[in-house]
Each structure stands twice: as structure tokens, then as C-alpha cells.
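Analysis of the macromolecular model
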Amino acid sequence: MACALPLERYKSSTSLQVAPSVFRQVRNSSFVSWNSDSNKKNQRQFFVTMQADNRVSRNMHTSSDNKIPHVLTVAGSDSGGGAGIQADLKACAARRVYCSTVITAVTAQNTVGVQGVNIVPEDFVAEQLRSVLYDMHVDVVKTGMLPSLNIVKVLCRSLREFPVKALVVDPVMVSTSGDVLAGHSVLAGFREELLPMADIVTPNIKEASALLNNVPLRSVSDMRTAAKLIHDLGPRNVLVKGGDLPDSLDAIDVFFDGEEFYELCSPRVNTHNTHGTGCTLASSIAAELAKGSSMFSAVKLAKRYVETALDYSKDLFIGNGAQGPFDHFLALKNIDQCCHRQDSFNPNCLLLYAVTDSSMNRKWGRSIADAVKAAVEGGATIVQLREKDAETREFIDAAKVCLEICRSYGVPLLINDRIDVALACDADGVHVGQSDMPAHLARSLLGPEKIIGVSCKTIEQAEQAWVDGADYIGCGGVYPTSTKANNRTIGLDGLREVCQASKLPAVAIGGIGLSNASVVMESVPNVKGVAVVSALFDRECVLTETRNLHTVLSEAMLSRK
Ligand SMILES: Cc1ncc(COP(=O)(O)OP(=O)(O)O)c(N)n1
Ligand SMILES: Cc1ncsc1CCOP(=O)(O)O
Ligand SMILES: [Mg+2]
């Protein structure tokens, strides 16, 4: 029976003294070393002590402010470093999540194929699981290669003993080179034990077919049927990956949450460096879940990350085989800057969205930087540089200065229309309209971390923005405006209709200012904020106008609660 022990007892308990020697013996000997009597004794002593101290150690972990999201991967090792445990470790590190590992098999593998597989005895898989789960607080477990039915059973037993926040199952069966990694008997374990426990399962076309007694999958419609049938086996969500679907220009994955189907479409990256994409995707989903994302955002973020990494690595040359690995860290080339940027988009920053205008600044004799500084000092929560007639070089220079100002206030800075300028100054993102660069292309150029907003007047456009990987929509013009010529006004009703249907957070734009901001916030409950040009920048004092608008919006938010 587990019991709570005082901290002093924990500190001096034998677990801390026994553990290192136990681990040394494991490292210096073969897997069967546990058969010796003395090791068995040590092992027993180790876990009896760990069990007794379990509550104390868990309390220590959960109370810590420095807790880092933690994924445990249960998978096989790939000596080539592209897939398996190695891909999982890299993906989690790139997504800034701690990753512990339970190795189920050691493969001799490279970019040509799998030359050998050594399955770890199930007792020792159980041993590794105990070592991690007794000691550490694991948020999410992700599974990859589970080469025997007994290993599946051992894992399920551990998961019942140590429930985690989420279980991500990548039902690895065949390597990219076509080598079999899990025999037929494992399928029964997946169907009967593991899948019913899974929060998501991520089969590719071949794996989905194998899980369903080899039904052929040839189209997106077949993938939908398969997703539904796999869902019937028990997992809460299913992602059928369509990368291998023949005759398709785009890569289409089908996500099914038990109620709705979503087709996640992305342009196919033309590269041979795809070894490890399945492992990386599943680990990245696990990482996002560990950080607290909902399932659907975790899937979208993970897909976005994998697509970006593939695109960055398309010309990489590692190994002479047909399918090379990709570089999980290239997207983080600018790792220092990434570290002090916000981790992911926070929709609350849409509350007071200040959009600059060069002609207004000229009229009032201000530089872009002066206008931006006054707006962020006054409480703008996000800034967009909308400099329609600026020269490119001038625009980049001004954007760099504005970025420094915004970063010092922790306010994101986006660039209107100009993806090139956003890249050149490393802005936090872009805002694009229906006739600008499509959001999915902007995403592939900017990478997974940047914020992308899309102007939408219709439900269909909002749906497309979401499919394209945007973070928010700008919806309007709500009221008539003279800032944007020939812009159709959609009114409060149009705003409400689009916002209610949108899966992305929305900000209202067009003719909004002090006099009507609270009406907008009150009449459209799920609008996140207002984007404003003239009410801030076509005024004598930008600071005062922003402060006043901030007060109005804060009050509107309070009255929503
Ligand atoms: C937040 C926000 N929403 C909408 C727009 C308009 O963008 P677009 O339709 O591309 O028109 P231009 O601003 O480029 O004239 C926006 N800029 N910001
Ligand atoms: C850029 C834009 N997109 C739709 S309306 C609009 C202009 C908003 O400007 P203002 O806040 O001055 O009405
Ligand atoms: Mg535009």
C-alpha cells in the first residue's frame, strides 16, 4: 500500500541510494540481468521504497512551479536517427516539452531500410515503464512501435495503474521502407486493449486498412469511412493520414472526433526526406496536448510543425537511401528569438487591435514608430503595420523599430499584406485579405509559430481560413469606413453570422471607435475585440484615444462575465 512519508524520510529513503546502482547494472549488462537473485532483491527494494514514497514524490512534482510538460514515448529505437524514439525526442524538444522514453525494440536501420530488429523482453519494457511512471509526473503517453502482443498488454496494464492526461497511439506497423515492424498478433492487442484507452489514434492509409481487416482505402471518402470504423473500436479521436493516397496533389488527412469529420488539407511537400513524419506528428500532438491544447488544436499545430519542418528540410542530404530524415530543429533556427516570443497565439490579444495608416501619420506629422509607441502605451493589445504606400526598405526599417517597441511591452506586431517584410524583420505574423497571398502559403513561408490573420466577410471564407492554418479572422467592415475604399459593409448581423460559425477567434473591423465599440462587444458575444484605424490614428492624441478605448473595451469584457 502506498503511504505518505514525511519529507525527511523521503530524502533519506533507500530509493535514492538503491536507484543509481540498479541503473548502473542495467547499463552494463544484458536485458536478462534481472534474473540474478541480488538484482531481484535490489529491484524489489527499489520499487517497494518507491511505492511507499510515491505520494510524497508526486506531491513534490505537482506542487513545483517549474513543472515542464512531459511526454513519455513508448517506441522503438531507429539507429538512423530519423524515426522512432529518436524522432520523438527531437520533436518534443523542438516543441519545448520534456520527453522520457521506454524502448520496446532496437532496430538496425538507415535510409535504405531496416536491417535488423531486436525486441526488448516485455518484462524489461514493464521495468522501464515502472521506472518512469513511479518517479516522474507524465502528462501524455505516446506509443509508436509495439512489436509484440505482450508488450501491448504490459503497456495497457501500466496505463491502468498510472492514468495520464492523454494517450496518443501511432499504430506503427510498417516502416517507410516497407519493412514489417509489428506482426499480425499485435493488431488484436490494438483493437481490444489499446485503442479503447486512446485519446487519439493516428494511422496512415496502410495502418488504417490493417486495423480494418485490410479493407482497401483509395479515396478521401474511404478514409472517412475508415475513421468512423476505427472510432467504433474505442479511441476518442481518429486521424487517418492521407499522405500515401495516390493521385492527390494535396496531402489530406481526415480527423474524426466521433461527431464531425474534418479534412485537413495541406500542399504536398516535394521531398524524399519524409522518414519519421508519422512518429514526429504523433509526438508533436502529444507535446501540444501536454502543454494544454485541445485535441483539435493539438492536431493542427502538430501538422503545421511537421509541414514546416519538411519544407525547411526538403533538400537535406543524409544517407543514400530512398527516404531521408528531416531536420526537426530548422524551424527554430532563430532559437534565441523564439524563446522570448509568446509560445502560441493568445486570442485575448485581439481585444484592442491597433492598425496603423501611413497617410494618417503623415497628416498628423508622426513617424510610424511614434504612432505605435503611443498606441501600445495607451493599451493596444496587438499592432498591425498597414503601410500601403511605404517603400519596401523604409517599411522594413520602420517595422524593426516598431518590433522593438512592441516586444518591450509584450505586444505582438503583425504586418499587413507583406509576407516579405514580415520575414525580413522577423515580425510576429501577418494579416492577409482575400486578394492577398493565401494563408496556407503564408503559413508555409512563415512557419508554425507565427500569427496569421485573414479578412473574412463570409462563413465560407472563415472556414477556409481555419483549414489554411490561420490563427484568427478579421471580420468587417462592420460599419461604413473611409479608411478602406470600396469595402462592402456587412453590419452587426453579418459580423454575428460569421463569428458564430467561425472556428477561429474573430476581431471586428470597420468604422469602430469609442462610440460603438461596446455595442459591437455586447451584440456579438464571441467576438474577441475590435480592430481600429482612424479612431486611434486620425486623432490628435493617439495615447489618449487608445486609453479611452481600452477602458470601454475592458468594461465591455467585465460586463460579459
Ligand atoms: C484585423 C484586420 N482585419 C481586416 C483587415 C483587412 O485586410 P484586407 O482585406 O487585406 O485589406 P487591407 O487592409 O489590406 O486593405 C485588416 N487589415 N486587419
Ligand atoms: C482595413 C479595413 N478592412 C476592413 S474595414 C477596414 C478599415 C478600418 O478602418 P477604420 O477603423 O478607420 O474604419
Ligand atoms: Mg490586404
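Remember, it's a predicted structure, so these values are computed and weren't measured experimentally.

Moving on, we come to the packing of helix H4 (residues 84-94) against helix H10 (residues 277-291). Where H4 contacts H10, the axes come no closer than 8 Å and their chain directions differ by 45°. Taken together, the axes of H4 and H10 lie oblique to each other. For the crossing formed where H4 meets H10, the hand is right-handed. Residues Gly84, Ala87, Asp88, Ala91 and Cys92 of H4 form the contact with H10, whose own contacting residues are Cys279, Thr280, Ser283 and Ser284.

As a further point, take the nonpolar core. Judged by nonpolar contacts, the single largest core of 113 residues is most densely connected at Phe255, Ile285, Tyr353, Val383, Leu385 and Ile415. Residue contributions to this core peak at nine residues, all from helix H11 (residues 295-312). Once residues lying within four places of it in the same chain are set aside, the contact partners of Ile285 are Val168, Ile200, Thr202, Leu239, Met295, Ala298, Val299 and Ala302. Judged by nonpolar contacts, the second largest core, of 49 residues, contains Val138, Ile151, Phe162 and Val169.

For the rest of this paragraph, the subject is the sheet that holds strand S8 (residues 250-256). One open sheet accounts for nine strands, arranged S3-S2-S1-S4-S5-S6-S7-S8-S9; its pairing is mixed. With one partner strand each, in any of the chains shown, strand S3 (114-119) and strand S9 (261-267) form the two edges of the open sheet. As paired elements, strand S7 (residues 237-240) and S8 share three bridges and run antiparallel to each other. Its bridge partner lying in S8, Leu239 is registered against Phe255. Helix H5 (residues 122-135) contacts strand S1 (70-78) and strand S2 (98-109) of the sheet and is inclined by roughly 160° relative to S2. Relative to S9, H11 is tilted by about 15°, and along the sheet it contacts strand S6 (200-201), S7, S8 and S9.

On to the sheet that holds strand S14 (residues 451-456), then. Through backbone hydrogen bonds, the strands of a sheet pair up, either in parallel or in antiparallel fashion. Within the closed barrel, the eight strands sit side by side as S10-S11-S12-S13-S14-S15-S16-S17. Their pairing is parallel. Put simply, the sheet's adjacent strands are angled 25° from each other on average, direction ignored. In terms of strand pairing, strand S10 (residues 352-355) meets strand S17 (residues 527-532) through three bridges, oriented parallel. In the sheet register, Ala354 faces S17, and the bridge partner there is Val532. On the sheet, helix H18 (residues 459-467) packs against S14 and strand S15 (472-476) and is oriented at approximately 165° with respect to S14.

The geometry of helix H14 (residues 368-378) relative to helix H15 (residues 392-409) is characterised by a closest axis approach of 9 Å and an angle of 15° between their N-to-C directions. With respect to H15, the axis of H14 lies roughly parallel. Judged by the sense of rotation from one axis to the other, the crossing of H14 with H15 is right-handed. Contacts between H14 and H15 pair Ile368, Ala369, Val372, Lys373, Val376 and Glu377 from the former with Ala398, Val401, Cys402, Ile405, Cys406 and Tyr409 from the latter. Class assignment for the residues of the contact of H14 with H15 results in ten nonpolar, no polar and two charged.

Position of Ser158 among the secondary structure elements: in helix H6 (residues 149-161). Exposure remark for Ser158: the relative accessible area of 9% places this residue in the buried category. What Ser158 contacts, discounting residues up to four positions off in sequence, is Leu129 and Leu133.

The next subject is the site of ligand 1. Gln384, Arg386, Lys388, Asp436 and Ser455 are the nearest of the 16 residues found near ligand 1. Between Asp436 and ligand 1, the recorded distance is 2.8 Å, taken from a side-chain N or O atom to an oxygen atom. The side chain of Ser455 places a nitrogen or oxygen atom 2.7 Å from an oxygen atom of ligand 1. Expressed as a share of its isolated accessible area of 420 Å², the protein-covered part of ligand 1 is 90%. When contributions to the shell around ligand 1 are tallied by element, the ones reaching two or more residues are strand S13 (429-432) and strand S16 (506-509). The residue makeup of the shell around ligand 1, split by class, is five nonpolar, six polar and five charged.

Quick look at the pattern of salt bridges now. This structure, assessed with the given rule, holds 26 salt bridges. Residues Glu307 and Lys303 are paired through a salt bridge, measuring 3.5 Å at the closest nitrogen-oxygen approach. Of the two residues, Glu307 and Lys303 both sit in helix H11, four residues apart, roughly one turn of that helix. Residues Lys503 and Glu463 are paired through a salt bridge, measuring 2.8 Å at the closest nitrogen-oxygen approach. Pair noted here: Lys503 is in the loop between helix H19 (491-501) and S16 and Glu463 is in helix H18, with a separation of 40 residues, a long-range link. Judged by relative accessible area, Glu463 falls into the partly exposed class, the value being 33%. Beyond isolated ion pairs, a larger network of salt bridges with shared partners links Arg95, Glu288, Lys291 and Glu449.

Looking now at the coordination of the magnesium ion (ligand 3). Taken together, Asp417 (OD) and Asp436 (OD) make up the protein donors of the magnesium ion (ligand 3), found 2.0 to 2.1 Å from the metal. In this pair, Asp417 is assigned in the loop between strand S12 (413-416) and helix H16 (419-425) and Asp436 in the loop between S13 and helix H17 (439-446), connecting sequence segments 19 residues apart.

The geometry of an aromatic ring pair is captured by two quantities: the separation of the ring centres and the angle between the planes. The full count for this structure, using the stated rule, is nine aromatic pairs. Consider the rings of Phe255 and Tyr262, whose centres lie 6.0 Å apart with planes at 40°: the pair is tilted. Residue class for Phe255 comes out buried when judged on its relative accessible area of 1%. Aromatic rings pair up to connect Phe255, Tyr262, Phe296 and Trp466 into one cluster. The positively charged end of Lys503 is found above the aromatic ring belonging to Trp466, 4.2 Å away from the centroid.

Neighbouring ligand 2 are the residues Arg386, Thr481, Thr483, Lys484, Asn487, Ile509, Gly510, Gly511, Val532, Val533 and Ser534. A distance of 2.7 Å is found between an oxygen atom of ligand 2 and a backbone nitrogen or oxygen belonging to Gly511. Between ligand 2 and the protein, one listed contact pairs an oxygen atom with a side-chain N or O atom of Ser534 at 2.6 Å. Broken down by class, the residue content of the shell around ligand 2 amounts to three nonpolar, six polar and two charged.

Glancing now at the confidence of the model for the protein. For residues with low pLDDT, the predicted coordinates do not support detailed interpretation. On average, the protein scores 85 in pLDDT, and the residues at 70 or more come to 84%. Predicted confidence for residues 334-343 stays below pLDDT 50, and this span has 13 contacts to residues more than four positions away or in other chains.

Basis of the calculations
Residues numbered from 1 in each chain as written. Chains lettered and ligands numbered in written order. Predicted model: local features only at pLDDT ≥ 70, side-chain atom pairs only at ≥ 80, totals over all residues. Heavy atoms only, no water. Axes fitted to C-alpha atoms, helices over the stretch in contact; angles between N-to-C directions. Helix = DSSP H or I, 4+ residues; strand = E, 2+ residues; numbered from the N terminus. Parallel < 35°, antiparallel > 145°, perpendicular 65-115°, else oblique. Left-handed = near helix turned anticlockwise from the far one by under 90°. Contact = heavy atoms within 4.5 Å. Core = buried A, V, L, I, M, F, W, Y, C linked by side-chain atoms within 4.5 Å. Buried < 20%, exposed > 50% of the residue type's maximum accessible area, 1.4 Å probe, protein only. Pairing = 2+ DSSP bridges. Nonpolar A, V, L, I, M, F, W, Y, C, P; charged D, E, K, R; others polar. Near = heavy atom within 4 Å. Polar contact = N/O pair within 3.5 Å; in protein donor to acceptor, adjacent residues only side chain to side chain. Areas by Shrake-Rupley, 256 points an atom, 1.4 Å probe, with all protein chains shown as cover. Salt bridge = Lys/Arg side-chain N within 4 Å of Asp/Glu carboxyl O. Donors = N, O, S within 2.8 Å, 3.2 Å for Na, K, Ca; no water. Phe/Tyr/Trp six-rings, centres within 6.5 Å; stacked < 30°, edge-to-face > 60°. Lys NZ or Arg CZ within 6 Å of the ring centre and 35° of its normal. pLDDT = per-residue confidence, 0-100.

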